[in-house]
Amino acid sequence: MTDLRSWLAKVESFGELRHVRGAHWDTELGAIAELSYRTPDPKALLFDDIEGYATGRVLTGSTGSARRLGLTLNLGDDLDDAGVVAALRGKPSVWAATARDHPTETVTRSPLLDNVVAGRDVNLLDLPVPRWHAEDGGRFIGTGCLVVTRDPETKDVNGGCYRMEVVEDGRSATIAAVPGKHGAQHVRRWFDRGEKAPVVVSFGHHPVLLVTGGTEVPTGISELEYAGAILGERLPVLVGEHTGLPIPAGGEVAIEGWLSEDHVADEGPFGEWTGYYSGKRRPAPALEIARMYFRDDPILLGAPPGKPPHDYSYMRTVMKSAMIEDALVGAGVPGIRGAWAHEAGGGRLFVAVSVETRYAGHSTQVGHLTAQLPAAAYMNRFVVVVDDDIDVASLDEVVWAMSTRCDPVCDIDVIGGTWGSKLDPMLVEGAPPYNSRAVIDATRPFERRATFPKVSTGDPAYLASVMAQWADVLS
């Protein structure tokens, strides 16, 4: 199962898909999606009969529950929050190690070829591209997209999820890849050679490509092969007629073309995952589209960010947490008991790690290493290290540990000049995108572990027995 429609049929079979008919593409669709994310049990929403459009659909909320994320990651479709976290433990390193065993499979037939439009006739606004937020500068077709690029020297293929605004009356779209990301590096290397950069973009696909495109897959590993490792099968791809790049064959809509250093268009602002509109309207590379491919009645995979919780904040939190824990264990650090990249920080800005401290300086080592791991370094703001009696996924427990086991004078280190982003609302316009981050040691002092005051809570086993006996009162 490598296509979106098979995935949707499965989600509908276990009751987590809702059909929405008649919404307007201009902010109403986005508002409905935003309100859905805030409910206790958010569903995936498939928007149909979108006002002003006889064809074309939009999906939101694809990875916003444990069951949908478990299905997407081939872990099972009957997991709860704790279950999906447990099932993920150790998986990112396995997927990275086996990705090359799942090379893409080139095919020549696909429903994506049912409709092929030449560049001069392309109009992206023939599709119901939403304006997601009221202050967005335009209509953004690239939210759950996969932007495929190739390094001109190593030939490594990368797939990244970057925002894309429709410009030039539908004839083009900007690609706002963050500097430092692999896709942006590929494009820059083509430009430095004085050449155009070939690009393919998929706009509707199995959500596993949203997961791999939106998280930090290790350098040198193709997101398409990594997705194959997750799914346990090779991903079928078409070969772009003009670019030679792989196009996910199970997709709904795709384009291929070229980025040139001198072809830019203004884009933004856009309501980003930090919960703020990012910056002013500014130039970004605009794609010269050679071909557009789409299925009949295609589905755009929407993943609009915003103030958490948003479309993919749950997915990013779970995935980043697993990747950070895997990286720490893989680095040989002993005593790691858990990591959690909190959803309130967009899955990036606030990371908690629990450790069974075994030697003086252990917690400091863990904190500083976490702050600069490839899986966690981009735009991280706070790393909090806690003891192994703290549930890292509970902000209440993490803040309690900070409040009672941390002396700010001694236990907070600030690191400057680290990897930030132009999306950072704290960044001054025009300044280089550095940020600083605080590493907070909220573990009991190593030298006082034997004498530190005991926690005034009941023994877990005893509390469980009381819960069982008094369930009628406590449930």
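Trainee: What's the story with the packing of helix α5 (residues 91-98) against helix α8 (residues 223-231) in this structure? I'm lost.
Mentor: For any two helices packed against each other, one specifies the crossing angle of their axes together with the interaxial distance. At their nearest, the axes of α5 and α8 sit 8 Å apart, and the two run at 120° to each other. In terms of their interaxial angle, α5 and α8 are classed as oblique. For the pair α5 and α8, the sense of crossing is right-handed. Counted together, Pro92, Trp95, Ala96 and Thr98 of α5 and Tyr226, Ala229 and Ile230 of α8 form the full contact between these two elements. By residue class, the composition of the contact of α5 with α8 is six nonpolar, one polar and no charged.

Trainee: How should the sheet that holds strand β9 (residues 164-167) be read in this particular structure?
Mentor: In any sheet, the strands associate via hydrogen bonds between backbone groups, in a parallel or an antiparallel arrangement. Here three strands make up an open sheet; going across it, the order is β6-β9-β10 and the pairing antiparallel. One side of each edge strand has no neighbouring strand; the edge strands of this open sheet are β6 (140-142) and β10 (172-173). Bridge count between β9 and β10: two bridges; the pairing is antiparallel. When the bridges of β10 are listed, valine 167 appears paired with serine 172.

Trainee: Could you clarify how one ought to interpret the pairing of strand β19 (residues 336-341) in this entry?
Mentor: Where a strand is regular, its side chains alternate between the two sheet faces. Among the six residues in β19, five count as buried, and that is most of the element. Strand direction decides the pairing type here: β19 and strand β20 (residues 350-355), joined by five bridges, are antiparallel. Paired with tryptophan 340 across the bridge in β20 is alanine 352.

Trainee: Quick question: what am I supposed to make of the nonpolar core here?
Mentor: Counting 90 residues, the largest nonpolar core has Leu59, Leu73, Leu88, Trp95, Met319 and Ile324 as the members making the most contacts within it. Here the element with the most residues in this core is helix α9 (residues 313-330); it accounts for eight residues. Apart from residues lying up to four places away in sequence, leucine 88 is in contact with Leu73, Leu75, Trp95, Val318, Met319 and Ala322.

Trainee: I tried to follow the packing of aromatic side chains on my own but got confused; where do I start?
Mentor: Where two aromatic rings form a pair, the distance of their centres and the angle of their planes describe that pair. One pass over the structure, following the stated rule, counts four aromatic pairs. Ring geometry for phenylalanine 350 versus phenylalanine 382: centroids 6.1 Å apart, planes at 50°, classification tilted. Placement of the pair is phenylalanine 350 in strand β20 and phenylalanine 382 in strand β21 (residues 382-387), with a sequence separation of 32 residues. Phenylalanine 350 gets classed as buried once you look at its relative accessible area, which sits at 17%. Judged by relative accessible area, phenylalanine 382 falls into the partly exposed class, the value being 34%. Of note, arginine 139 hangs over the ring of tryptophan 25, and the distance from its end group to the ring centre comes to 3.5 Å. Its end group placed over the ring of tryptophan 273, arginine 348 keeps NZ or CZ at 5.9 Å from the ring centre.

Trainee: Help me understand the pattern of salt bridges, please; the structure alone is not making it clear to me.
Mentor: Side chains that carry opposite charge are capable of pairing whenever their charged atoms lie near each other. Taken as a whole and judged by the stated rule, the model has 31 salt bridges. When the shortest N-O distance is used, the salt bridge between arginine 21 and aspartate 49 registers 3.5 Å. Of this pair, arginine 21 sits in strand β1 (residues 17-21) while aspartate 49 is found in the loop between β2 (44-48) and β3 (57-60), placing the two residues 28 residues apart along the sequence. Classification of arginine 21 by relative accessible area gives exposed; the value is 54%. For aspartate 49, a relative accessible area of 44% corresponds to the partly exposed category. Two residues, arginine 163 and glutamate 272, come together in a salt bridge whose shortest N-O distance is 3.1 Å. In this pair, arginine 163 is assigned in the loop between β8 (157-160) and β9 and glutamate 272 in the loop between β15 (264-267) and β16 (282-285), connecting sequence segments 109 residues apart.

Trainee: Before we go on, may I ask you to explain helix α4 (residues 81-88) in this structure?
Mentor: Those residues of α4 that fall on the buried side of the exposure criterion are Gly83, Val84 and Leu88. Around the axis of α4, the buried residues are gathered within 130° of arc, so they sit on the same side. Elements in contact with the buried residues of α4: α3 (66-72), α5 and α9. Once α4 ends, the next one or two residues include glycine 90, with phi positive near 85°.

Trainee: Would you mind going over the side chain of threonine 2 with me for this structure?
Mentor: Structurally, the position occupied by threonine 2 is in the segment before α1 (4-13). Once you skip the residues sitting within four places of it in the chain, threonine 2 turns out to touch His206, Leu231, Glu233, Arg234, Leu235, Pro236 and Gly250.

Trainee: Any chance you could explain the sheet that holds β2 here in plain terms?
Mentor: Taken together, the four strands give an open sheet; going across it, the order is β1-β2-β3-β18, and neighbouring strands pair in mixed fashion. Looking at the sheet topology across the chains shown, the edges are occupied by β1 and β18 (299-301). Averaged over neighbouring strand pairs, the angle between their axes works out to 25° when direction is ignored. Of the strands in this sheet, β1, β2 and β3 touch helix α2 (residues 28-37), which is tilted by about 165° from β2.

The rules behind these values
Residues numbered from 1 in each chain as written. Predicted model: local features only at pLDDT ≥ 70, side-chain atom pairs only at ≥ 80, totals over all residues. Heavy atoms only, no water. Axes fitted to C-alpha atoms, helices over the stretch in contact; angles between N-to-C directions. Helix = DSSP H or I, 4+ residues; strand = E, 2+ residues; numbered from the N terminus. Parallel < 35°, antiparallel > 145°, perpendicular 65-115°, else oblique. Left-handed = near helix turned anticlockwise from the far one by under 90°. Contact = heavy atoms within 4.5 Å. Nonpolar A, V, L, I, M, F, W, Y, C, P; charged D, E, K, R; others polar. Pairing = 2+ DSSP bridges. Buried < 20%, exposed > 50% of the residue type's maximum accessible area, 1.4 Å probe, protein only. Core = buried A, V, L, I, M, F, W, Y, C linked by side-chain atoms within 4.5 Å. Phe/Tyr/Trp six-rings, centres within 6.5 Å; stacked < 30°, edge-to-face > 60°. Lys NZ or Arg CZ within 6 Å of the ring centre and 35° of its normal. Salt bridge = Lys/Arg side-chain N within 4 Å of Asp/Glu carboxyl O. Arc of directions from axis to C-beta.

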